[in-house]
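Structural overview for review
The residues making up each chain are set out below.
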Amino acid sequence: MNGEQLTQTDEKNPVTRGADPRIKALRRFALSISALTVLGHTVLGFEQAPITPIICVVVAVVFDAVLESLAARSEGRRPAFAVRNMRAVVDYFLPALISALACAMLLYANANLMPYVLATMIAIGSKYVFKVRVNGKWRHYLNPSNFGIAAVLLLLPSVGIAPPYQFTANVTGPVDWLLPMAIIVLGTMLNTKLTGRWPLILGWVLGFVAQAVLRTILTDASLVASLAPMTGVAFILFTNYMITDPATTPTGRRAQLAFGITTATIYGVLVTLGISFGLFFALVITCGLRGAGIVLLGQRERFATFGSRTRRLVMGPGTSPQPLAERNSAQGALAVAELSAPRSGQ
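Residues numbered from 1 in each chain as written. Predicted model: local features only at pLDDT ≥ 70, side-chain atom pairs only at ≥ 80, totals over all residues. Heavy atoms only, no water.

Turning our eyes to something else, we now look at the pattern of salt bridges. One pass over the full model with this rule turns up 4 salt bridges. Between Arg27 and Asp91 there is a salt bridge; the shortest N-O distance is 3.0 Å. One end of the pair, Arg27, is in helix H3 (residues 21–44); the other, Asp91, is in helix H5 (residues 86–106), with 64 residues separating them in the sequence. In this structure, the salt-bridge partner of Asp64 is Lys127, at a minimum N-O distance of 3.7 Å. Of this pair, Asp64 sits in helix H4 (residues 51–75) while Lys127 sits in helix H6 (residues 114–129), placing them 63 residues apart in sequence. Here the two residues Asp64 and Lys127 agree in accessibility, since each one is buried. A single salt-bridge network, built from bridges that share partners, covers Glu68, Glu75 and Arg77. (Salt bridge = Lys/Arg side-chain N within 4 Å of Asp/Glu carboxyl O. Helix = DSSP H or I, 4+ residues; strand = E, 2+ residues; numbered from the N terminus. Buried < 20%, exposed > 50% of the residue type's maximum accessible area, 1.4 Å probe, protein only.)

In structure tokens form, the structure reads like this:
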């Protein structure tokens, strides 16, 4: 979610801010991932060092503040976090906190802290580098935390993904089932009521099942093994808290379905090609394709505007394709009427 946009839009109206579902979703995302991080390091059995999320959050907040200050200076405006409303300041840095905790939770680099720091910095920096213009404003189109994780996995072969067992390593019995169910229920409520990304989740889950079935039919892959990732907490977290990022996914229901199905399809292709960590790479590719699509649509609109202006210059002011067609139609009707009318001399 774009904290900069939210802060600039609503800082003058605290009442509106409180009622904005995007703000509520942002705060609950931050609260959920913070609570899971604390539980993970105290109860569940996270493998990373407990200092890891703290370091990542500090790096994310400082690096975001530096980049935003530089961007504001180059654009001749105030930094988005330089407001009097402290709640707005906190809201601005919540996306950075979410990205940092996601990188600290989902990566595993043993006792080496640098890969986590690098992933966090790449995640924050991607928001200022990979941007497209939407309705006259610049928006980042890559999921920051997912891009940071994917970049580190690609750059540092010694780094891997956190082992799936860490989410339930120290719990047994009914809690083994209750914990994933609680994450599913909370995530579903969040994405249904606040972000409106349930069509995306539907497309992603159905697409994931479809690619598993197709790989079973077309290759010698086992259907059970292909569907097994869906039973892990990591998949549930990815489905409810990673791929549904409101700032980097489409709003329309059909577009959301297409986004989820496309991600699942690319994942199936990557797995078939033997590429590991397909979830993260598939989402990066899908976000990149969406960004390219936005650019192409913008170029088409610019060409259409240029063509319309050129046509008016050539054919005269007030002339456009529709009036021209109407004028031709009216002239044709007049000609028919003249031919059909009785001539005075006959």
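Quick look at unusual backbone geometry now. At Asn135, a position not held by glycine, the phi torsion is positive, near 55 degrees. Within the secondary structure, Asn135 is located in the loop between strand E2 (131–134) and strand E3 (137–140). One non-glycine residue, Phe277, lies in the positive phi region at around 55 degrees. With respect to the secondary-structure elements, Phe277 resides in the loop between helix H12 (253–272) and helix H13 (278–315). Note on Phe277: relative accessible area 32%, which makes it partly exposed.

Turning our attention to the pairing of E3. Here 4 bridges tie E2 to E3, and the two strands are oriented antiparallel to one another. Its bridge partner lying in E3, Lys131 is registered against His140. (Pairing = 2+ DSSP bridges.)

Before going further, it helps to spend a moment on the packing of aromatic side chains. Two numbers describe a pair of aromatic rings. These are the distance of the centres and the angle of the planes. Considering all chains together, one arrives at 13 aromatic pairs under this definition. When the centroid spacing of 5.8 Å and the interplanar angle of 50 degrees are considered together, the rings of Phe81 and Tyr92 count as tilted. Of this pair, Phe81 sits in the loop between H4 and H5 while Tyr92 sits in helix H5; the two residues are 11 residues apart in sequence, bridging distant segments of the chain. A residue is classified by how much of its surface remains accessible, and Tyr92, at 3% relative accessible area, is buried. Summarising the aromatic geometry, the rings of Phe208 and Phe235 are spaced 4.9 Å apart at their centres and angled 65 degrees between planes, so their arrangement reads as edge-to-face. (Phe/Tyr/Trp six-rings, centres within 6.5 Å; stacked < 30°, edge-to-face > 60°.)

When you line up the elements, Val295 lands in helix H13. In this structure Val295 comes out as partly exposed when scored by relative accessible area, which is 39%.

This next bit is on the packing of H3 against helix H8 (residues 175–195). Angle between the axes and distance between the axes: these two values describe a pair of packed helices. Direction vectors running N to C along H3 and H8 enclose 165 degrees, while the axes themselves pass 10 Å from each other. Here H8 runs roughly antiparallel to H3, going by the angle between their axes. Taken as a pair, H3 and H8 cross one another with a handedness that is left-handed. From H3, Pro21, Lys24, Ala25, Arg28, Phe29 and Leu44 reach across to H8, where they touch Leu179, Leu190, Asn191, Leu194 and Thr195. (Axes fitted to C-alpha atoms, helices over the stretch in contact; angles between N-to-C directions. Parallel < 35°, antiparallel > 145°, perpendicular 65-115°, else oblique. Left-handed = near helix turned anticlockwise from the far one by under 90°. Contact = heavy atoms within 4.5 Å.)

Moving on to a nonpolar patch on the surface. Where nonpolar side chains cluster on the molecular surface, the patch consists of Ile51, Ile54, Ile55, Val58, Val62, Val66 and Leu70 and spans about 580 Å² of accessible area. Assignment of secondary structure puts Ile55 in helix H4. (Patch = residues over 30% accessible without salt bridge, like charges linked within 9 Å, V, L, I, M, F, W, Y side chains within 5 Å. Areas by Shrake-Rupley, 256 points an atom, 1.4 Å probe, with all protein chains shown as cover.)

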